[in-house]
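Summary of structural features
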Amino acid sequence: MEELNSLMGGMAVALTPMNVLLMFVGVFLGVLMGVLPGLGGANGIAILLPLTFNMDPVSAVIMLSCIYWGSLFGGAITAIVFNIPGCSYSVATTFDGYPMAKKGMAGEALTTSFTASFFGALFAIMLITFIAPTIADFALSFGPPEFFGIMVLTFCAFLSIGKEAAYKTLAAMMLGFALASVGIDIMTGAMRLTFGTVELMRGFEFLIVVIGLFGLGEILVAMEDGLKFQGVTAKIDPKIVLKTWGMLGKHWANFARSMFFGACLGVVPGGATPASFLGYGIAKRFSKDGDNFGTGSIDGLIGPETANNAAGTAALLPMLTLGIPGSPTAAVLLGGLMIWGLQPGPLLFAEQPDFVWGLIASMYLGNLAALILCLTTVPLFAAILKVPFTIIAPIILTACSIGAFTVANAMGDVWYMLIFGIVGYIMKKLKYPLAPMVLAVVLGGGAENGFRQAMLMSNGNLGIFYSNPIVGTIITLALILAFLPLVMLIYRKVFVARKLAAES
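Here's a quick rundown of the structure. Note that the coordinates shown come from a computational prediction; the quantities given were computed from them, not determined experimentally.

**Quick word on the overall build of the protein**
Counting its regular elements, the protein contains 21 helices and 2 strands. Counting only residues that meet the buried cut, the protein has 56% of its 504 residues in that class. The contacts in the protein between residues at least 6 apart in sequence include a share of 78% that link residues at least 24 apart. In the structure as shown, the protein presents an accessible area of about 21200 Å², 69% of it carried by carbon and sulfur atoms.

**Brief notes about the packing of aromatic side chains**
This structure, assessed with the given rule, holds 7 aromatic pairs. Residues Phe119 and Phe255 carry aromatic rings whose centres are separated by 6.1 Å and whose planes lie at 70 degrees to one another, so their mutual orientation is edge-to-face. Here Phe255 lies in helix α11 (residues 252-266) and Phe119 lies in helix α6 (residues 106-139), a separation of 136 residues in the sequence. Using a relative accessible area of 36% as the deciding quantity, one classes Phe119 as partly exposed. Lys168 extends its terminal NZ or CZ atom over the ring of Tyr432, reaching a point 5.3 Å from the ring centre.

**Examining the layout of surface pockets**
One number sums up the size of the second largest pocket: a volume of about 1100 Å³. Lining of the second largest pocket is provided by 43 residues; of these, Met338, Val442, Gly445, Gly446 and Asn449 occupy positions nearest its centre. Taken together, the elements giving at least two residues each to the lining of the second largest pocket come down to α7 (144-161), α8 (166-180), β1 (183-184), α9 (206-225), α15 (328-339), α16 (346-351) and α20 (435-458). Ranked by residue count, the leading element in the lining of the second largest pocket is α20, at 10 residues.

**Focus: the pattern of salt bridges**
Taken as a whole and judged by the stated rule, the model has 2 salt bridges. In this structure, Glu448 and Arg192 form a salt bridge, with 2.5 Å as the shortest nitrogen-oxygen distance. You can see Glu448 sitting in helix α20 and its partner Arg192 sitting in strand β2 (residues 191-192), a full 256 residues away along the chain. On the accessibility criterion, Glu448 (24% relative accessible area) is partly exposed. With relative accessibility at 21%, the residue Arg192 sits in the partly exposed group. Between Arg452 and Glu448 there is a salt bridge whose closest N-O contact spans 2.9 Å. Of this pair, Arg452 and Glu448 both sit in helix α20, 4 residues apart, which is roughly one turn of the helix. Several salt bridges converge on common partners, so that one network encompasses Arg192, Glu448 and Arg452.

**Structural notes on the packing of α6 against helix α10 (residues 238-248)**
Relative orientation of the contacting elements α6 and α10 amounts to 60 degrees, with a least axis distance of 9 Å. In terms of axis orientation, α6 runs oblique to α10. Viewed along their axes, α6 and α10 form a crossing whose handedness is right-handed. Between α6 and α10, the residues in contact are Gly107, Glu108, Thr111, Thr112 and Thr115 and Ile240, Val241, Lys243, Thr244, Trp245 and Leu248, respectively.

**A closer look at the environment of Gly74**
Following the sequence through the fold, Gly74 ends up in helix α4 (residues 57-82). Residue Gly74 is classed as buried on the basis of its relative accessible area, which comes to 0%. Separated by 300 residues in sequence, Gly74 and Cys374 place their C-alpha atoms 7.8 Å apart. Apart from residues lying up to four places away in sequence, Gly74 is in contact with Val31, Gly34 and Val35.

About the criteria used
- Residues numbered from 1 in each chain as written.
- Predicted model: local features only at pLDDT ≥ 70, side-chain atom pairs only at ≥ 80, totals over all residues.
- Heavy atoms only, no water.
- Helix = DSSP H or I, 4+ residues; strand = E, 2+ residues; numbered from the N terminus.
- Buried < 20%, exposed > 50% of the residue type's maximum accessible area, 1.4 Å probe, protein only.
- Contact = heavy atoms within 4.5 Å.
- Areas by Shrake-Rupley, 256 points an atom, 1.4 Å probe, with all protein chains shown as cover.
- Phe/Tyr/Trp six-rings, centres within 6.5 Å; stacked < 30°, edge-to-face > 60°.
- Lys NZ or Arg CZ within 6 Å of the ring centre and 35° of its normal.
- 1 Å grid on protein atoms, 1.4 Å probe; cavity = no way out; pocket = protein on both sides within 12 Å on 5 of 7 lines; lining within 4 Å.
- Points joined across faces, edges and corners; volume = space filled by probe spheres on them.
- Salt bridge = Lys/Arg side-chain N within 4 Å of Asp/Glu carboxyl O.
- Axes fitted to C-alpha atoms, helices over the stretch in contact; angles between N-to-C directions.
- Parallel < 35°, antiparallel > 145°, perpendicular 65-115°, else oblique.
- Left-handed = near helix turned anticlockwise from the far one by under 90°.

Read these as spatial facts, not as claims about activity.
This is the structure we're talking about:
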């Protein structure tokens, strides 16, 4: 098959000694970011992105993708050993992971988690390998209306599936659009929202916004909460690993269900968190041991860990093929690609095949490296968590400041980072989501250009967005998702009113 031949070529790119070394370095850094609560993959990539500026683009993205794999694995360590979710999609892992650890089965729980993460990600990577080229070929026929429609669909999906109130998601998104529009209008050359200052002519660098919102904002919240780590002792040795692997075979159906549903949700923005809960719920529904969920059930650990890693990895599918990230971490990774002049989308497969297939090959290798590293270094990462957060926080803040300065060697960017850090802190306290804002910053410019180009093509006629079945279907689905929260709110109010009337 053509995909397999391309993948073998990608393996030749990824298996150079330097790239293999960068894989393990990236996985180690990713696991470190994953085990620190509040950081995770998006923050880790944002903070560490400046380290890759002087690298070859292929090597840099391989390292960043491995940070991604490491963060997906690392969140489980905190959840199982300390009962503290390293990120939102690790919440369901605590339900049975920590009870297993308290029973003296921390090694078995961690081995199960890492193995489930490996197979969940592997399934999604295989989907990317065989489906991504087909989607990219299909998307080559897309014009500005279609790409604008896909971006609108992505924004509307955040409105309908977000756990926060829709108005908060919309407000965060609008703020992101405003930030994306600052600077010089590339189509007219006009200054926008610069307020007469030269410093704002180049706009806000994506990386500055992300480092401030995610890195600094999360640290400020954690410092205020007085984060402390108290957990159980965790140790993994070859006997525990082999024993656990020996009994995981009989749970193959749980693995298969969680892989499938996790990958399906992965292409939906923010899908990893709902995928983890869905994986847990489906595992409980089909398990013969369902009544014991929450007390240390292996099935209760396999379900969420397999599903969230399948979803987290599948989020890269729309990013690579359409330039639309399926998760906050994928959005940050998309920004990283754009920094090196690489525009994810259908043309990337045609114009940069070595890069694309080298990246896909590194997914297989990085996933394997993450499994090996996690199984051999759990005590090290557990020990890191016992370091007082008052020591860890200044180190992370220093890394954020250096990263912000490195973007353009400008002290002004450090001040912008601090401002965005305060904004991120305020949004966290008020429970406004950061992911829609980041997505709008990344895709805002592209969405605007797509809309304006479509208007130029049609002489200002909005009917162009229903000029063919593809774009018409996309826009219709986007509108349905946009108004779904309002419809559900009205339905609930009417239903409650009728119920109260009937009871009275």
